[in-house]
Each structure stands twice: as C-alpha cells, then as structure tokens.
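Per-entry structural report
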Amino acid sequence: MITKPEMTATEIASAVAGGRMSALAATETALARIKQHDTILNSFTDVTADRARAKARAIDAEIAAGKKVGPLAGVPFAVKNLFDVANLVTRAGSKINRDLSPARRDAALIERMEAAGAVLVGALNMGEYAYDFTGENVHDGPSRNPHDTTRMTGGSSGGSGSAVGAALVPIALGSDTNGSIRVPSSFCGIFGLKPTYGRLSRARSFPFVASLDHLGPLARSVADLALAYDVMQGPDADDGACTTRGVEQVAPLLGQSISGLRIAIAGGHFQKNVFPEAVEAVSRVAKALGATEIVDIPEASRARAAAYVITTTEGASLHLDRLRKRPNDFDPAVRDRLIAGAMVPAPLVDRAQKFRRWYRGQLAEIFKSVDVLLAPATPCTAPKLGQINFTLDGVELPVRASIGIHTQPISFIGLPVVAVPVPLEPLPIGVQIIAAPWREDLALRVAYALEKMGVVSAPSPRGL
Amino acid sequence: MAEPLDDYIEAVSKALALPVEEAWRPAVRANLEVSLRLGRLVDEFALPDETEPAPIFTA
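One structure accompanies this document, and this report is about it. These numbers come from a predicted model, not from an experiment.

**Focus: the overall build of chain A**
A tally of regular secondary structure across chain A gives 14 helices and 13 strands. Structurally, chain A occupies a C-alpha span of about 60 × 55 × 45 Å along its principal axes. When each of the 464 residues of chain A is scored for burial, the buried share is 62%.

And the structure:
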C-alpha cells in the first residue's frame, strides 16, 4: 500500500494492524515529509528518527509474529518540546533549560501513546516557557503557518499546530494554559482537544501555571483526537492534579446522535472583539447545529482578567530564581512580563482564585440547562508574523494580548473544549465546542457530527 | 520624569532580590500596569468571606 501524507491516524493504524502497510513505511513517510517541509515551517526542534525507526520495526515484528497491536499501531506523532523525551533535553522553548541534563524517562502521555503503538518522531517548537499566543520564539525562530508561511501558527503550541496543519504528522501533543492548544488549532486549521483540568496526566512535562496547565492532542480529524485521547486517559499518581476517575472511552460514542443535545451560543464577552471571520465561523457552526439560543456567560471578561493575574503570578513564581540568575537569557518580552508578575500584590491573586470558584459555580448553573456552548476560538485568522497591533471597529488592539480573549475564560475553570476548524478562504479559523466538566464526550460528539456534515474540516496545507 | 510605579518597582525589586535593569523598566512598568488594571477588575468584585479559592491540592 502506498502511504499518503494526509492519511489520518485512524487510517494508518487500520492499515498497519491489517498488514496493508508497515509501521516503518508510515514512519518513513512522516520523516520524509518533515525533511521536505520543515526547513520552511520550523515546526520541529528535534527529530528522533533512530528511535522512531526502532519503534516502528518493533511494531512490524509484533505484527509479523501474530501479536495483537494497540489502536495507534504505527501512527507517527510528535510532542511540544516541554514534554520530557528520554535522552533529549526538555527545553520548553527556552535557552536556559538547554543547560539541563537530558530527560531520563518519557512524559507519561508519550508512554501511553507508545504503549498503544504510536511512534514518536520528534519534539516541536513552542513559545518560550509557554507564555505565548503567537508561536514565535526568539531562540529557535518562529514556527510557520502551513497555509501561509508569512503568518503566525499561534501559540504556545505553535510547532504542534504547524506540524499537524502541514500533515507532517497526523497527531501532535500540546499544552494549553490559557488557549495554547486551541489558538494554534484555529490558526492552522486543525482539531484540538483541551480536556477537563486534571483529566490527562502532566507528569514529566515542564510546567507553566500549575493550577491552569492542561495537556491534550491536536489532529486532522475528530476520530483521531478521540483515539489519542482515549489511550492517554487514566489516573497517574505522578501528577497531583490528575483525576482518579477511570478511563471513559469516547471513540465508540462518536457516532451517537446529537439531536437531543441542548446547544447554545455563548453571548456577551464572546461576541465582542471579533473580526467578521470569527463571526462567520460561529454562525456556520451554529446554523448547522440548529443552535439559536444565546446564553450570556456572566463576568467572562473578569474571568479573563483573573486568569491573567493567576498566570502572570504563578508563572513568575515558577521562574523567580531564573529571573534572578539569568535574566538576559530569557526572551526579553517574556522576562519583562514575568518580572511584572512577580510584583503583583498577593491579595489580588487570592481574590482571583476565589473569583474562580464563584465563576465556576455560574457555569455549573448554565450547564444544568445547556449541554454544549459555542464560542470563537480566536478573534481573527492568523496574523502576520511579527504583527504588533490590529484594528477592530476602529480601535487599535495589541495582537499578543487579544488572541486569547475567548479561550482564557474557558480554561480558567478547566472546562473541556474541542476547537474545530472552519475552512474559510483564504485562511481557516476555529470555533470552540465547550462542555461541562468531564463531558469531553459531548464536545467530541458535536465536533464529529459537524465534521460529518462537512461544516468543519482540516484543509490541505495551502502554503506549501 | 519618574513614573508613579517606579518607586514600587524599585522597592519590590529589592525585597525580592530581583534585578530590574534600567533598560527593562519601561516594559516591566507597562506589563505591571496591565496586571494591576486586570487585578483591579478582580478586586472590585465583591465575594462572600467564606469563598474558597479554587486551586486543587491532593495530599
């Protein structure tokens, strides 16, 4: 069987398990595509070719021996470079962390992906220490958008968005503290899942904001998201925030009807500061789902403010010693934000965390009468690399600070979200499908239905 | 001319032994102004005294 670059993980795993394609062929296709396109895209910081070929050969040997293989057999994937990869230094987008010793063990989610047969092919570019919405990096250079390489990928999981958007790999893993899976998914035209806070183990990944950090997959189809998500679930004592809930498989539920679900459009804050593309994307999705009710999310702007305060202060606390000892080795923009974060008075942080509890209660009330909420993933399509401001309704707004305004109030209380790509021309843009805590199944089912209707899809890379 | 936050930045910089070079000060000040403006939004919101903060701790 000839491998095609845009094969989904589901297709690859089926072909490999069925003996129609070798895991090594799937791996070589990914490695060749990385070699062909990544000099421009700059999505990878490390390519683990030897390790990948060894893993692929091991899977092929198991199949040849008649052994049963996992649901991701032979599927190439890559991870944001804040995941520990054995024998690589976990740089987390920084210059400073390159002085650390190489990791001795893979991150928990890599272990779970590989236990299911997936093949790690490398580590991906990201914004420094994940404090970023652009995908730019002063040390490694920017990752580039596969639909227009003069544009941002979005951050901070920019390499993850670029690599999947360009179909270098069918699945990548990223992290999302304030939007860092959903923003690159939107700009790069792919699907991204930010699960419920605590759902997936963060063990052996470099943190940013402990009380807001999530890990999750990015992919080119909903079935692939679910496939990866299902194998990564489960408790992990090595992550203090990880749930003790058992695995709740979603892949078998994707095809269930969504006709009984109560779907509403998030109003207020989520309908402000948006470009026409974002309005059009939400409108298309809502129309396809028959959603007309608009639900106001109370105090969402304040929730974004509280998320900002918690982020900047917890981030500053994490990096305090590095700020003292090696301030000139940071990206200056990240350093100056973190120093400012260290100077925020403590009562404001405490109040932000208390507000978080209150706000969570408000959303819990809403989810008594609504199953799924729709909101823009980003206010705009991918801006130009280096772009500082954009003008909206005659008002000039800073790009960096504005990109996450619709994602932050959602991750602030850990709600599960699937970002779905609406393939507008010339650039795609994402919509958030938001569910109540622990109801990833609902968000994924709605995303799957939209994909089947042809309303959302990952477009072929337009800029390569 | 000294900006209103400069004395504060100087004092916290000393208290935390956190260097702030003169060249960085405008950007640090600008970021701090944003943080404090957003912090005020949180501060202004009245909450019951019994409100628990949200971070999860599992012993």
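**As for the sheet that holds strand S6 (residues 214-219) of chain A**
Residue and element names in this part refer to chain A. The strand order S1-S3-S2-S4-S6-S5-S12-S13-S9-S7-S8 describes an open sheet built from 11 strands, whose pairing is mixed. Either end of the sheet is taken by a strand with one partner, and the two such strands are strand S1 (44-47) and strand S8 (294-295). Relative to strand S3 (residues 119-124), S1 is paired through three bridges, and the arrangement is antiparallel. Note that in S3 the partner of Val47 across the bridge is Gly122. Across the sheet, helix H14 (residues 440-453) lies against strand S5 (191-194), strand S7 (263-266), strand S9 (372-376), strand S12 (417-422) and strand S13 (429-435), angled at about 140° from S13, the strand it touches most.

**Structural notes on the pairing of S9 of chain A**
Residues and elements named next belong to chain A. Counting buried residues along S9, five of its five residues qualify, which places the element largely inside the surrounding structure. Burial along S9 is two-sided: the residues Val372, Leu374 and Pro376 and Leu373 and Ala375 are all buried. Taken together, the five bridges between S9 and S13 define a ladder with antiparallel strand orientation. If you follow Val372 over to S13, its bridge partner there is Ala435.

**Concerning unusual backbone geometry**
All names here are of chain A. Here the amide bond leading from Gly155 into Ser156 is cis, since omega sits at 10°, within 30 degrees of zero. Turning to its location among the elements, Ser156 is positioned in the loop between S3 and helix H5 (158-165). In the segment running from Glu425 into Pro426, the intervening peptide bond is cis, with an omega of 0°. As for its placement among the helices and strands, Pro426 is situated in the loop between S12 and S13. The phi dihedral of Ala167 is positive, around 60°, even though this residue is not glycine. Classification of Ala167 as buried rests on a count of 23 C-beta atoms within 10 Å. A positive phi angle is found at Trp438, which is not glycine, with a value near 70°. Here Trp438 is to be found in the loop between S13 and H14.

**Describing the interface of chain A and chain B**
Residue-level contacts link 32 residues of chain A with 27 residues of chain B. Every element with two or more residues in the side of chain A that touches chain B is listed here: helix H9 (300-325), helix H10 (332-342) and helix H11 (346-366) of chain A. At 11 residues, the largest contribution of residues to the side of chain A that touches chain B is made by H11 of chain A.

**Here we look at the environment of Arg33 of chain A**
All names here are of chain A. Structurally, the position occupied by Arg33 is in helix H2 (residues 23-41). A tally of 21 C-beta atoms within 10 Å means that Arg33 is categorised as buried. A C-alpha to C-alpha distance of 8.2 Å links Arg33 and Ala167, two positions 134 residues apart in sequence.

**Regarding the environment of His147 of chain A**
Residue and element names in this part refer to chain A. For His147, the position within the fold is in the loop between S3 and H5. According to the C-beta neighbour criterion, His147 is buried, with 26 such atoms within 10 Å. Counting along the chain gives 279 residues from His147 to Pro426, while the straight-line C-alpha distance between them is 8.4 Å.

What counts, and where the lines are drawn
Residues numbered from 1 in each chain as written. Chains lettered and ligands numbered in written order. Predicted model: local features only at pLDDT ≥ 70, side-chain atom pairs only at ≥ 80, totals over all residues. Helix = DSSP H or I, 4+ residues; strand = E, 2+ residues; numbered from the N terminus. Buried ≥ 20, exposed ≤ 12 C-beta atoms within 10 Å, placed from the backbone. Pairing = 2+ DSSP bridges. Contact = placed C-beta atoms within 7 Å. Axes fitted to C-alpha atoms, helices over the stretch in contact; angles between N-to-C directions.

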